[in-house]
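Okay, here's what each chain looks like letter by letter:
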Amino acid sequence: MPRYFFNTRIGNELVIDPEGEELRDADHAWQVARAMIRELLAEENDQSSLLTARLEVTDQAGEVVLEFPFSEAIEAPKDDSSPTTH
């Protein structure tokens, strides 16, 4: 299985994930990234700097496969098959 690294960028600072995680594919990496961000936001009292942060997910070669802004993780996932309740 491929290994993905979840590096956090806050402003100009990049916090490197030295270990990474073996996952099925980039879609699975997206799910893990969203869960990680939501967990961090739930734990953090002052979210102001985190809301401008993003996860930069890279593969083993160091190529960015996904950039996930923290602000997008707090939005409800879009599911076109679900009926709206207005």
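Computed from a predicted structure; not experimentally measured.

Note that threonine 58 resides in strand β4 (residues 54–58). When its relative accessible area of 10% is taken as the criterion, threonine 58 is described as buried. If near-sequence neighbours (up to four positions away) are discounted, threonine 58 is found in contact with Arg3, Tyr4, Phe5, Asn7, Glu63, Val64 and Val65.

Here leucine 23 lies in the loop between β3 (21–22) and α1 (26–43). The class for leucine 23 is buried, based on a relative accessible area of 2%. If near-sequence neighbours (up to four positions away) are discounted, leucine 23 is found in contact with Met1, Pro2, Tyr4, Phe6, His28, Ala29 and Val32.

What follows is about the confidence of the model for the protein chain. Overall, the prediction assigns the protein chain a mean pLDDT of 84, with 84% of residues at 70 or greater. Model confidence for the protein chain, summarised as mean pLDDT per element, is weakest for helix α2 (residues 70–73) at 86 and strongest for β3 at 96. Counting interchain partners and residues more than four positions distant, the pLDDT-below-50 stretch residues 80–86 has zero contacts.

Time to look at the nonpolar core. Counting 16 residues, the largest nonpolar core has Phe6, Ala33, Ile37, Leu55, Val57, Phe68 and Phe70 as the members making the most contacts within it. If one sorts the elements of this core by residue count, α1 sits on top with five residues. Excluding residues within four positions of it along the chain, phenylalanine 70 makes contact with Thr8, Ile37, Leu40, Leu41, Leu50, Leu51, Ala53, Arg54 and Leu55.

What counts as what
Residue numbers here run from 1 along each chain, matching the order of that chain's written sequence. A pLDDT threshold of at least 70 governs which residues receive local features in this predicted model, and a stricter bar of 80 or more applies before side-chain atom pairs are shown or counted, although totals over entire chains, interfaces and linings include all residues. Each side-chain value is derived from all of the structure's non-hydrogen atoms; neither hydrogens nor water enter the calculation. Numbered from the N terminus, helices here are DSSP runs of H or I no shorter than four residues, and strands are runs of E no shorter than two. When accessible area is computed with a 1.4 Å probe and restricted to protein chains, residues below 20% of their type maximum are described as buried, those above 50% as exposed, and intermediate ones as partly exposed. Contacts: residue pairs with any heavy atoms within 4.5 Å of one another. For every residue, the predictor assigns a confidence score, pLDDT, that lies between 0 and 100. Residues enter a nonpolar core if they are buried and are Ala, Val, Leu, Ile, Met, Phe, Trp, Tyr or Cys, with the set joined through side-chain atoms within 4.5 Å.

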